[in-house]
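Residue strings, one per chain:
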2 protein chains.
Amino acid sequence: MIDGRRFEDIAVGQVFEHGEIAVTEENVVAFARQFDPQVFHLDAEAAKDTFFAGLAASGWHTAALTMRLIVDSGLRLAGGIIGAGGSLTWPRPTRPGDVLSIRIEVLELRPSRSKPERGTLKARVTTRNQHGDELQIMTCDLLVWRR
Amino acid sequence: MIDGRRFEDIAVGQVFEHGEIAVTEENVVAFARQFDPQVFHLDAEAAKDTFFAGLAASGWHTAALTMRLIVDSGLRLAGGIIGAGGSLTWPRPTRPGDVLSIRIEVLELRPSRSKPERGTLKARVTTRNQHGDELQIMTCDLLVWRR
């Protein structure tokens, strides 16, 4: 199994911070072309006349970059970072020029009732830019293995 | 404003279906290299000894492909598909060879209290493969403009 922290190595309230990833216009447009081809994610000039009033990254791009920061962070769960799901909001869009970092906060640790070797780690992952603006707030359930 | 459906053009219970996108091993690995570089998303051979027992797409790849299907679907909201957030679960992983399609179901339509020109469309978007297996179930809030 991939080496790393187990259920017993983590405590509620623990915080892991990680950064940084710089977001460029090129990245924003490349992601959008593949996964979210809408004008406000594709064309800086045309985006001015939209809800976003300028080029904005797809929310799913912010989510994907957040995952990259989680994987590279000090959380390092045994067996890997495996999510069962979660919920997320995007209080404001990621913009070209933003530099992203995350803060992972352990909210809850629950042993599994049916599978004694497993547990669930509920975390809040907040993604911010270099100005401290919150771009994404996610709550997610991760699989953690017991010793 | 981008042409499309407005609040008054949509009814609770309405369904939009769209497909298909084929997922290849190359796509799975390329996404993972950028956004979720973990062995079960990167290396089919090494993935056999992991939780996923074989190469699996990142959940965020499934989410991004689902967004692509939503954008290309018949939903076509005026002003674009703009989500404020949502929640999602991945009942099983997307695998290379899977062919994805979605079903969007309108759960709720709420006029905004503070902004008379806006409303919220709550939708359930279910992503399935060619066998009908549910890969992602998402509930999301989308911005809809009133006439």
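Quick look at the structure, then. What you are looking at is a predicted structure, and each value in this text was computed from that prediction instead of being measured.

1. Observations regarding unusual backbone geometry
Next, step 1: For the bond running from A:Gly19 to A:Glu20, omega is 5°, close enough to zero to count as cis.
Next, step 2: Along the polypeptide, A:Glu20 turns up in strand 1 (residues 15-22).
Next, step 3: In this model, B:Ala53 sits at a positive phi of 50°, which is unusual for a non-glycine residue.
Next, step 4: Structurally, B:Ala53 is set in the loop between helix 3 (44-47) and helix 4 (59-72).
Next, step 5: In this structure, B:Arg76 takes a positive phi of about 35° despite not being glycine.
Next, step 6: Here B:Arg76 lies in the loop between helix 4 and strand 2 (83-89).

2. With respect to the interface of chain A and chain B
Next, step 1: Taken together, the contact pairs 30 residues of chain A with 30 residues of chain B.
Next, step 2: Of all the elements in the fold, those that place two or more residues in the side of chain A that touches chain B are helix 2 (39-42), helix 4 (59-72) and strand 2 (83-89) of chain A.
Next, step 3: Classifying every residue of the side of chain A that touches chain B gives 17 nonpolar, 11 polar and 2 charged.

3. Remarks on helix 1 (residues 25-35) of chain B
Next, step 1: Those residues of helix 1 of chain B that fall on the buried side of the exposure criterion are B:Val28, B:Phe31, B:Ala32 and B:Phe35. The arc that holds the buried residues of helix 1 of chain B, viewed along the axis, is 100°, so those residues lie on one side. What points out from helix 1 of chain B, more than 90 degrees from its buried face, is the exposed set B:Glu26 and B:Arg33.
Next, step 2: Next to the buried residues of helix 1 of chain B lie helix 4 of chain A together with helix 2 (39-42) and helix 4 of chain B.

4. Describing the packing of helix 4 of chain A against helix 4 of chain B
Next, step 1: Contact geometry of helix 4 of chain A with helix 4 of chain B gives a least axis separation of 10 Å together with a crossing angle of 170°. Between helix 4 of chain A and helix 4 of chain B, the angle falls in the class roughly antiparallel. Taking contact as the criterion, the partners of A:Trp60, A:Ala63, A:Ala64 and A:Met67 in helix 4 of chain A are, on helix 4 of chain B, B:Trp60, B:Ala63, B:Ala64 and B:Met67.
Next, step 2: For the contact of helix 4 of chain A with helix 4 of chain B, a count of residues per class yields 8 nonpolar, no polar and no charged.

Cut-offs used in this document
Residues numbered from 1 in each chain as written. Chains lettered and ligands numbered in written order. Predicted model: local features only at pLDDT ≥ 70, side-chain atom pairs only at ≥ 80, totals over all residues. Helix = DSSP H or I, 4+ residues; strand = E, 2+ residues; numbered from the N terminus. Contact = placed C-beta atoms within 7 Å. Nonpolar A, V, L, I, M, F, W, Y, C, P; charged D, E, K, R; others polar. Buried ≥ 20, exposed ≤ 12 C-beta atoms within 10 Å, placed from the backbone. Arc of directions from axis to C-beta. Axes fitted to C-alpha atoms, helices over the stretch in contact; angles between N-to-C directions. Parallel < 35°, antiparallel > 145°, perpendicular 65-115°, else oblique.

The values reported here are purely geometric and, on their own, carry no functional implication.
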